[in-house]
Amino acid sequence: MLPVASALSNESIRPTRVEVDLGQLGRNLQAIRQHVGAAKVMAVVKANAYGHGLVPVALEMVNAGADSLGVALLEEAVILREAGITAPILVFGGIAETQIPIFIRNDLTLTAPSIDKLNLIDNAAAAMGVTARVHLKIDTGMERLGIHYYSADKLLEASLKARHVQVEGIYSHFANADSADLTHAREQLSRFHEVLSFYEKRSLPLPQRHIANSGAILQLPESHLDLVRPGIMLYGVYPSRKCACTVSIQPALTWKSHVAYFKVVQPGHPVSYGSTWQSDHPVRVVTVPVGYGDGYFRALSNKGEVLIRGQRHPIAGRVCMDQIMVNLDWGTAYYRDEVVLLGKQGGAEISADDLADWAGTISYEVLTNINSRVPRVYV
Ligand SMILES: *Cc1c(COP(=O)(O)O)cnc(C)c1O
């Protein structure tokens, strides 16, 4: 949130805002919990809770019964601890050596993706006279972070010898669990099981095993294992249009603004930078105070639509940094009428997938791109 916003009351903050329905987030979590049965649920709240606001969403998730939280960065986890959240927090991302004592002091769970990192964690914990909580990360086909499944035995061996490390979990991540073709996802799951047989062969107790993101929660029930890691689904958005909708969820976020200015634009008078759009007849055009400086993609220029009075209307001309113009044609709108950029109005809806399709990206980027200049209001 911008520092200046604290000087303004809720009524006087800018009309461009994101409203988040916390109750709906809780219902989405419940729907996932019911679907996965006995598996624990780690609520993924990285990237400002997919744009919904890190701390308020994390608090809601914990209250709604999430067993743990997942974030990408140490910074995100520390903010949650400073907000008083005591639930287990796993940090997915890679770690720098200098960060390890901060992880340990804040009682955060570290990801160990290699023997080197595991040893660094073990040494740091030994020096502090404590035991560090760790989840081992296995790469089964994403080629991102983690030891390759075909060399993983060495990391598991090393973890048995690390005296100041408690291996609470072992995990992997799918590259294609949201697609229609699940061949690669099934291959990854079977590679993960191969790695896990290490414990069975030695009659050792298994750490918590997890691999399922939203796509796998929806499409691969056999991958739920001991714990699932939903991200985008918590926010009521399916991971892709190709994914089976086996759990009923609803979006919790509405991005709205209002009509700031109204005019009639004559033919031969192009609108906005670059003069890329003009009408062949007089049209009513309204100006709305949102732009790419808020994270409303410039790629939506002459492509995107907004809702005014329950009707879809197209963006006219280029998206500016702070404003857009909307062509009403001969429709009606008045100063201060609500404009919905993302979400429902009347019977109409613009989804994160609509915005993503127009801008040539995915819903994840639409949501995480709404930046801190847009105040979040919780309802
Ligand atoms: C982001 C992330 C998730 C959540 O993915 P969704 O597709 O949003 O459900 C799960 N696990 C890891 C390791 C992640 O980085």
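Everything that follows concerns the structure shown earlier in this document.
Residues numbered from 1 in each chain as written. Predicted model: local features only at pLDDT ≥ 70, side-chain atom pairs only at ≥ 80, totals over all residues. Heavy atoms only, no water.

1. Overview of the sheet that holds strand β12 (residues 261-265)
Two strands in a sheet stick together by hydrogen bonds in their backbones, pointing the same way (parallel) or opposite ways (antiparallel).
Link 1 in the chain: On the basis of which strands lie adjacent, the open sheet formed by 3 strands has the order β12-β13-β16 and antiparallel pairing. The open sheet has two edge strands, β12 and β16 (324-329), and neither has a second partner. On average, each strand axis in the sheet is tilted by 30° relative to the strand beside it, whichever way the strands run.
Link 2 in the chain: As judged from the 5 bridges shared by strand β13 (residues 283-288) and β16, these two strands associate in the antiparallel manner. In the sheet register, V285 faces β16, and the bridge partner there is N327. (Pairing = 2+ DSSP bridges. Helix = DSSP H or I, 4+ residues; strand = E, 2+ residues; numbered from the N terminus. Axes fitted to C-alpha atoms, helices over the stretch in contact; angles between N-to-C directions.)

2. What about the packing of aromatic side chains?
Link 1 in the chain: The final tally for this structure, using the stated rule, is 6 aromatic pairs.
Link 2 in the chain: Considering the side-chain rings of Y50 and Y235, the 4.8 Å spacing of their centres and the 20° angle between planes classify their relative orientation as stacked. One end of the pair, Y50, is in helix α2 (residues 46-50); the other, Y235, is in the loop between β10 (227-228) and β11 (253-258), with 185 residues separating them in the sequence. With respect to class, Y50 is no different from Y235; both count as buried. (Phe/Tyr/Trp six-rings, centres within 6.5 Å; stacked < 30°, edge-to-face > 60°. Buried < 20%, exposed > 50% of the residue type's maximum accessible area, 1.4 Å probe, protein only.)

3. Digging into helix α8 (residues 183-201)
Link 1 in the chain: The end-to-end C-alpha separation of α8 is 27 Å, in line with the 27 Å expected for 19 residues at 1.5 Å each.
Link 2 in the chain: At V195, α8 shows its strongest bend, of approximately 25°.
Link 3 in the chain: Every buried residue of α8 is accounted for by A185, Q188, L189, R191, F192, V195, L196, S197, F198 and Y199.
Link 4 in the chain: Contact partners of the buried residues in α8: β6 (132-139), α7 (152-161), β8 (165-171) and β9 (208-212).
Link 5 in the chain: Once α8 ends, the next one or two residues include S203, with phi positive near 55°. (Expected span 1.5 Å × (residues − 1). Bend = angle between axes of the 7 residues up to and from the residue. Contact = heavy atoms within 4.5 Å.)

4. Focus: helix α4 (residues 74-82)
Link 1 in the chain: Of the residues making up α4, those classed as buried are L74, E76, A77, V78, L80 and R81.
Link 2 in the chain: At the C-terminal side of α4, G84 shows a positive phi close to 90°.

5. Topic: the site of the ligand
Link 1 in the chain: In the vicinity of the ligand, the contacting residues are K46, Y50, F92, R144, H173, N213, S214, R229, P230, G231, I232 and Y364.
Link 2 in the chain: Here K46 contributes a side-chain N or O atom positioned 2.6 Å from an oxygen atom of the ligand.
Link 3 in the chain: Residue S214 places a side-chain N or O atom 2.5 Å away from an oxygen atom belonging to the ligand.
Link 4 in the chain: Considering the ligand on its own, with 390 Å² of exposed area, one finds that the protein chains cover 92% of that surface.
Link 5 in the chain: Structurally, the ligand is housed in the largest pocket.
Link 6 in the chain: Looking at the shell around the ligand, its residues break down into 5 nonpolar, 4 polar and 3 charged. (Near = heavy atom within 4 Å. Polar contact = N/O pair within 3.5 Å; in protein donor to acceptor, adjacent residues only side chain to side chain. Areas by Shrake-Rupley, 256 points an atom, 1.4 Å probe, with all protein chains shown as cover. 1 Å grid on protein atoms, 1.4 Å probe; cavity = no way out; pocket = protein on both sides within 12 Å on 5 of 7 lines; lining within 4 Å. Sits in = over half its atoms within 2 Å of the grid points. Nonpolar A, V, L, I, M, F, W, Y, C, P; charged D, E, K, R; others polar.)

6. Details of the pairing of strand β15 (residues 311-314)
Link 1 in the chain: Here 4 bridges tie strand β14 (residues 305-308) to β15, and the two strands are oriented antiparallel to one another. The residue bridging I308 from the neighbouring strand is Q311, located in β15.
Link 2 in the chain: Connecting the antiparallel pair β14 and β15 is a turn made up of 2 residues, with R309 showing a positive phi of about 55°.

7. Looking at the packing of α7 against α8
Link 1 in the chain: Direction vectors running N to C along α7 and α8 enclose 40°, while the axes themselves pass 10 Å from each other. Pair α7 / α8 crosses with right-handed handedness. Every residue of α8 that contacts α7 at A152, D153, L156, E157 and L160 is listed here: V195, F198 and Y199.
Link 2 in the chain: Grouping the constituent residues of the contact of α7 with α8 by class yields 6 nonpolar, no polar and 2 charged. (Left-handed = near helix turned anticlockwise from the far one by under 90°.)

8. Things to note about a nonpolar patch on the surface
Link 1 in the chain: Together, F262, V264 and W330 give the surface a local cluster of nonpolar side chains, amounting to about 290 Å² of exposed area.
Link 2 in the chain: Following the sequence through the fold, F262 ends up in strand β12.
Link 3 in the chain: For F262, a relative accessible area of 35% corresponds to the partly exposed category. (Patch = residues over 30% accessible without salt bridge, like charges linked within 9 Å, V, L, I, M, F, W, Y side chains within 5 Å. Salt bridge = Lys/Arg side-chain N within 4 Å of Asp/Glu carboxyl O.)

9. A short note on the nonpolar core
The nonpolar side chains of a soluble globular protein tend to be buried, and buried together.
Link 1 in the chain: V45, M61, W255, Y296 and I324 are the most contacted members of the largest nonpolar core, which totals 119 residues.
Link 2 in the chain: V265, V271, V283 and V285 belong to the second largest nonpolar core, which has 8 residues in total. (Core = buried A, V, L, I, M, F, W, Y, C linked by side-chain atoms within 4.5 Å.)

10. Quick look at the pattern of salt bridges
Link 1 in the chain: Applying the stated criterion across every chain, the model contains 18 salt bridges.
Link 2 in the chain: Salt-bridge contacts for R186 lead to E222; the nearest nitrogen and oxygen are separated by 3.7 Å. Of this pair, R186 sits in helix α8 while E222 sits in the loop between α9 (214-219) and β10; the two residues are 36 residues apart in sequence, bridging distant segments of the chain.
Link 3 in the chain: By relative accessible area, which is 44% here, R186 ends up partly exposed.
Link 4 in the chain: Judged by its relative accessible area of 42%, E222 is partly exposed.
Link 5 in the chain: Of the charged contacts, one joins R373 and D322 as a salt bridge, the two residues approaching to 3.0 Å between their closest N and O atoms. Placement of the pair is R373 in the loop between α11 (363-368) and β19 (376-378) and D322 in the loop between β15 and β16, with a sequence separation of 51 residues.
Link 6 in the chain: Accessibility expressed as a relative area gives 26% for R373, which makes it partly exposed.
Link 7 in the chain: Exposure remark for D322: the relative accessible area of 34% places this residue in the partly exposed category.

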